[in-house]
Amino acid sequence: MWVEKHRPRNPNTMIGNEEVRLAFLKWLKNWGKKSKPALLLGPPGIGKTTLVHAAADTLGYSVLELNASDVRTKTKLEERLAPSMLHSSLIEEKLLIFLDEVDGIYGRQDKGGVEFVQDLVKGSRHPIVMAANVEDDKKIQKLVKSAQVFKFQRLPPKLIEMAVKNILHREGLSLDQETLEKIVRSAKGDIRAAVNSAQVAVGAGEDVVTDMRDTSIGVVDALKLFFNASSSREALMAMRGCGAQPRDKIRAIFQSIMASGLQGEKLVKALEALSKADEIVEEIGETQNYRLLRYFDTILATKVFEALKGSDVHYKEESLPWPLQIRIWNEGKLLGEISQRLAAQHHTSSKQAALIYLPYVALLSKNSKSREDVVIARLRLDESQVKVLRKEELRVSQEVYKR
Amino acid sequence: MKIVVGEWFRMPPVGTDIFKKLVNEAALKYDKSNGFQATPETNLPLVASILKEALHENVEMLLNCFICGGAVECSQCRYNDICGGSSAFASCICDDCENSEETPSIYAIRFAQIAD
Ligand SMILES: Nc1ncnc2c1ncn2[C@@H]1O[C@H](COP(=O)(O)OP(=O)(O)OP(=O)(O)O)[C@@H](O)[C@H]1O
Ligand SMILES: [Mg+2]
């Protein structure tokens, strides 16, 4: 992907936010044990992550990066890095600790996150950098107080145009001015969106840009990029760049996995990872905390992507050779009812629900009692329907695990 | 009235209310000895509209071209409708520089010079 390939490796070759970029470089250059941690705040796709890596690189730091999925709960955070270790002098290497997307850290389960970060920061022998999109969040506010804040703005359209043109030039490609302007306009100051759109535009002709909704690429393009990605980071870029509903992303990945004939351990792992992502979607639904969407994409790009590593899963559209299809269809009234409720919940046809969501929901429920409880509650299943669901769970899991 | 973003400027007396609005709501920076300055925090479109109303004249935002130092007139920019100078504090590039293939490299060199 171009956003990866052309990611600036040096702070000098980035665009926009000059003053803040300079200030951050200065902060890192002059860092001492008494320094406050740095907190980079600003909208998506303007180079917060890029700057931290580029600056660290040029100043000779190795980066220990923890993203939302590592640090979302205090326990996980502690697993990844014990404060005592970081405070010890055993590590001589120049190390920069980067807590990217700290706004994704705090699930509602977790109360100690902020305090933990604050502990970590106290007396750290290494510079600590955090990045987040929002500042109005209470928890981020807490961090703001104890950090040196660097506020980033959206990038000026003209500079985005310059940078996109430059990338096109380096690729030996070009776009007409009108298309280019459209891309820049719809990016709304987000250069990642612009570069992604430009890549799609040269690949698929102008049509793509014209019916491009907002700044995002469609789920099909995104998934192709996702499955072809060579690193978690690339996979994340693909998912971030796609504005599709999270459920559609899950469904498309699920279908592709099932259609690929993935088997055994790998399949189980992939589906487990996918169910993690699904839990987030549930949480978003319940809490209306849309910020978790970023975390959702991260899960897809780390857990799911890792689980699929080395297996030959590609984007597949629709109709899987799913032996359950017919059975479900023929299975009596009760399954039909469940499907209908699922359909209502997912805003799709009940056929779609029966073919795609039911097996999936059943599989998730099989793997986790708490998920099952949620499903039962949400679909308001009565006793007999629950029985059918359980039967279905068994069937689907046998089907899946015998593959 | 023209305001060069990032540079200190002065304005005719506008009264306490307007002054408060400019400084508190639009985050225009004020310093007794230097006057006013638009910074990255400043809400430029808001400054423009407050001043337009108070002074009964058009307020134009100018930026300095990051490459050549020349003026960039936001009102003449094809992206003015979506940007209005609001994302482009301190730097943008002028039309002349924009059309050169060298610009991205010069931009990087200019930045490196300041950084040193
Ligand atoms: N200032 C910039 N100059 C040039 N390219 C940039 C800049 N910012 C971002 N990019 C491009 O966009 C990609 C994504 O940027 P990055 O991941 O740093 O954004 P971010 O600000 O961290 O966004 P998010 O808030 O979504 O994490 C980079 O790989 C790079 O290709
Ligand atoms: Mg980032």
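Preceding this section is the structure that the text describes.
A brief look at the structure comes next. Note that the structure is a prediction, hence the values are computed from the model and not measured.

With respect to the packing of aromatic side chains
Residue and element names in this part refer to chain B.
Okay, step 1: Scanning the entire structure with this criterion turns up 9 aromatic pairs over all chains.
Okay, step 2: Aromatic side chains Phe-66 and Tyr-107 sit 4.6 Å apart centroid to centroid with 45° between the ring planes, which places their arrangement in the tilted category. In this pair, Phe-66 is assigned in the loop between strand S5 (60-64) and strand S6 (71-73) and Tyr-107 in helix H5 (residues 103-115), connecting sequence segments 41 residues apart.
Okay, step 3: Residue Phe-66 is classed as buried on the basis of its relative accessible area of 7%.
Okay, step 4: On the basis of relative accessibility, which here comes to 1%, the residue Tyr-107 falls in the buried class.
Okay, step 5: Members of the aromatic cluster, each reached through a chain of ring pairs, are Phe-9, Phe-19, Tyr-30 and Phe-36.

So, the environment of Val-388 of chain A
Okay, step 1: Position of Val-388 of chain A among the secondary structure elements: in helix H22 (residues 383-402).
Okay, step 2: When the C-alpha atoms of Val-388 of chain A and Leu-335 of chain A are compared, they prove to be 6.9 Å apart, with 53 residues separating the residues in sequence.

What about the site of ligand 1?
Residues and elements named next belong to chain A.
Okay, step 1: What surrounds ligand 1 is a group of 19 residues, the closest being Val-3, Lys-48, Thr-49, Thr-50 and Arg-192.
Okay, step 2: Thr-50 places a polar side-chain atom, nitrogen or oxygen, 2.5 Å from an oxygen atom of ligand 1.
Okay, step 3: At 2.3 Å from an oxygen atom of ligand 1 is found a side-chain nitrogen or oxygen belonging to Arg-192.
Okay, step 4: Protein chains bury 97% of the 630 Å² of accessible surface belonging to ligand 1 in isolation.
Okay, step 5: A majority-of-atoms criterion places ligand 1 in the largest pocket.
Okay, step 6: Put simply, the parts of the chain that give the shell around ligand 1 at least two residues each are helix H3 (48-58), helix H11 (191-204) and helix H14 (232-240).
Okay, step 7: Counting residues per element, the shell around ligand 1 draws most heavily on H3, at 3 residues.

Digging into unusual backbone geometry
Okay, step 1: The phi dihedral of Asn-17 of chain A is positive, around 45°, even though this residue is not glycine.
Okay, step 2: Summarising the element assignment, Asn-17 of chain A is placed in the loop between helix H1 (2-5) and helix H2 (18-29).
Okay, step 3: On the basis of relative accessible area, Asn-17 of chain A is assigned to the buried category, the value being 4%.
Okay, step 4: Phi at Ala-27 of chain B is positive, roughly 55°, even though this residue is not glycine.
Okay, step 5: Its place among the elements puts Ala-27 of chain B in the loop between helix H1 (16-25) and strand S3 (29-31).
Okay, step 6: Ala-27 of chain B gets classed as partly exposed once you look at its relative accessible area, which sits at 28%.

Reading the values: rules and limits
Residues numbered from 1 in each chain as written. Chains lettered and ligands numbered in written order. Predicted model: local features only at pLDDT ≥ 70, side-chain atom pairs only at ≥ 80, totals over all residues. Heavy atoms only, no water. Phe/Tyr/Trp six-rings, centres within 6.5 Å; stacked < 30°, edge-to-face > 60°. Helix = DSSP H or I, 4+ residues; strand = E, 2+ residues; numbered from the N terminus. Buried < 20%, exposed > 50% of the residue type's maximum accessible area, 1.4 Å probe, protein only. Near = heavy atom within 4 Å. Polar contact = N/O pair within 3.5 Å; in protein donor to acceptor, adjacent residues only side chain to side chain. Areas by Shrake-Rupley, 256 points an atom, 1.4 Å probe, with all protein chains shown as cover. 1 Å grid on protein atoms, 1.4 Å probe; cavity = no way out; pocket = protein on both sides within 12 Å on 5 of 7 lines; lining within 4 Å. Sits in = over half its atoms within 2 Å of the grid points.

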